[in-house]
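Observations on the three-dimensional arrangement
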Amino acid sequence: SVSLFLDQLGLVKSWSDPCTWLWKPQGKLQGLISGHVDDFLFAGPSNNSDWNALTTKIKEHFKWTDWETKSFVQCGVKVEEQSDGSYHLSQEQYIEKIPEIYVSASRKKQGKEDTTDREKSQLRATLGALSWCAQQIAPHLSAEVGLCLSEVTTSTVETLIKVNRLVHFAKARKDHKMIIHAIPEAIPVGFYTWADAAGQNRREGSSTQGIFVGLGPLSLSQGEVAKVIPISWHSNKIERPCRSPGAAESHAAIAGEDYMYHARFQWGEMHSTEVDIFDSDSIVRKIPGCLISDSRNVYDKLQTSELTIRGAERKTDLNLLCLKHAQRVTNLELRWVHSEAQLGNSLTKGGTKEIDLFYGLSFRWRLVADDEMRSARKRRQQGIGVLQPQQSTTQQQEEQGGNGN
């Protein structure tokens, strides 16, 4: 009934998200409505009489509870509009209520003992609550929550203690806020996806992929420290067994491009006058997309004009043809960065610092250019900062010589 009524008002249902409707007078996006069960978000120009008339009709047609603006809670997330047009998302009250699992002093001494069915149920409840927070506003929780969830069926008392420590960690950072930047319409933007993998780091020997999709100004590609709007992030098991780190990195890169393809299509759909669902590539091609990996193996293979299938990982090379295809038909850009400039790294394992640096920079980041593709370790040895772009050794020597050093 909602969809039929909004269609009558002239809104267009999104192909990429059937719970989102677009208001595009004269083919230009002016407003949108997004639904989640019985909650709705409205975004549109408050100074536009046509938009105001449209929202009035919707208010009169359905029965609603409260209509809130500026600051409100949506699906457990507090949304706060800022004076510069940006938004802050937080879950302080939700995090405070996440239950800790009770473990007696005597039980703690039985660290290697298997958990009982009741304890497994408590694990699922607590990890489920943490997972919701990780999915909504807290990428810094994603990796450890995902790894702990994979242990539930074979969990021990040590798992209970580890999850409780994770609860304490989440509550210590309960005031964390995700920033959704305001980027002026005149500034061209594109999608950037950091894709990383940790080989065979899960209890049963499978691998983990970490993917972070963001929207940012194209100046990011030119080496600027620029605003990045988080679009989606994922920390999960790679379903296919990976016999090598290179295979895991390849699968993560392929999955990252897939997530970004959907985001590029959705953005293109919002801003295109006509959408041909039978030719989605034509929509995606108009929206810049950049895939960032810290794997030399993946990067080097995709720099060739033709990808040759050879070596022990032939199935993986065949899968990489998906990325070669994307380079050709959607103008996908591929970039390499060292591991400590890889945002996806924080989504594959706990205890990493990349996401904290991202937060500390107020959700800004840089695609680090390094002419000699130095590893993070080598850069540290040479005193080069994590996000510091660096010229080649030859260029440094020439400049030093020119300065009389």
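Rules used throughout
Residues numbered from 1 in each chain as written. Predicted model: local features only at pLDDT ≥ 70, side-chain atom pairs only at ≥ 80, totals over all residues. Heavy atoms only, no water. Pairing = 2+ DSSP bridges. Helix = DSSP H or I, 4+ residues; strand = E, 2+ residues; numbered from the N terminus. Axes fitted to C-alpha atoms, helices over the stretch in contact; angles between N-to-C directions. Salt bridge = Lys/Arg side-chain N within 4 Å of Asp/Glu carboxyl O. Buried < 20%, exposed > 50% of the residue type's maximum accessible area, 1.4 Å probe, protein only. 1 Å grid on protein atoms, 1.4 Å probe; cavity = no way out; pocket = protein on both sides within 12 Å on 5 of 7 lines; lining within 4 Å. Points joined across faces, edges and corners; volume = space filled by probe spheres on them. Nonpolar A, V, L, I, M, F, W, Y, C, P; charged D, E, K, R; others polar. Core = buried A, V, L, I, M, F, W, Y, C linked by side-chain atoms within 4.5 Å. Contact = heavy atoms within 4.5 Å. Expected span 1.5 Å × (residues − 1).

1. A few points about the sheet that holds strand β13 (residues 289-293)
If you trace the five strands from one edge of the open sheet to the other, you get β12-β10-β9-β13-β14, paired in mixed fashion. Two strands in the sheet have a free side with no partner beyond their single neighbour: β12 (229-238) and β14 (333-336). Averaged over all neighbouring strand pairs, the angle between strand axes comes to 20°, with direction disregarded. Across four bridges, the pairing between β13 and β14 is parallel. Along β14, the bridge assignment pairs Leu291 with Leu334.

2. Focus: the pattern of salt bridges
Using the criterion set out here, one finds 16 salt bridges in the structure. A salt bridge links Glu81 to Lys70; the nearest nitrogen and oxygen atoms lie 3.7 Å apart. Here Lys70 lies in the loop between α2 (49-61) and β5 (71-74) and Glu81 lies in strand β6 (residues 77-81), a separation of eleven residues in the sequence. A residue is classified by how much of its surface remains accessible, and Glu81, at 32% relative accessible area, is partly exposed. Accessibility expressed as a relative area gives 52% for Lys70, which makes it exposed.

3. What about the layout of surface pockets?
One way to see where empty space is left: roll a probe the size of a water molecule over the atoms. When its volume is computed, the second largest pocket comes out at roughly 310 Å³. Lining the second largest pocket are 22 residues, with His140, Glu144, Leu166, Gly350 and Gly351 positioned closest to its centre. Residue assignment for the lining of the second largest pocket shows that the elements contributing at least two residues are α6 (139-149), α7 (157-172) and α12 (354-360). By residue number, the principal contributor to the lining of the second largest pocket is α6, which donates five residues. Of the residues assigned to the lining of the second largest pocket, the class counts are six nonpolar, seven polar and nine charged.

4. Considering the nonpolar core
Core analysis: the biggest nonpolar cluster contains 49 residues, and Leu130, Leu141, Trp194, Phe212 and Phe358 have the highest contact counts within it. Among the elements of the structure, β6, α5 (117-136), α6, α7, β8 (178-180), β9 (189-198), β13 and α12 are those that each provide at least two residues to this core.

5. Focus on the side chain of Arg379
Looking at where Arg379 falls in the secondary structure, it is placed in helix α13 (residues 376-381). For Arg379, the residues in contact, after removing those within four places along its chain, are His338, Val368, Asp370, Arg374, Ile384, Gly385, Val386, Gln388 and Gln390.

6. Some details on α5
In this model α5 runs 29 Å from its N-terminal to its C-terminal C-alpha over 20 residues, within 8% of the 28 Å that 1.5 Å per residue would give. Every buried residue of α5 is listed here: Glu119, Lys120, Leu123, Thr126, Leu127, Ala129, Leu130, Ser131, Cys133 and Ala134.

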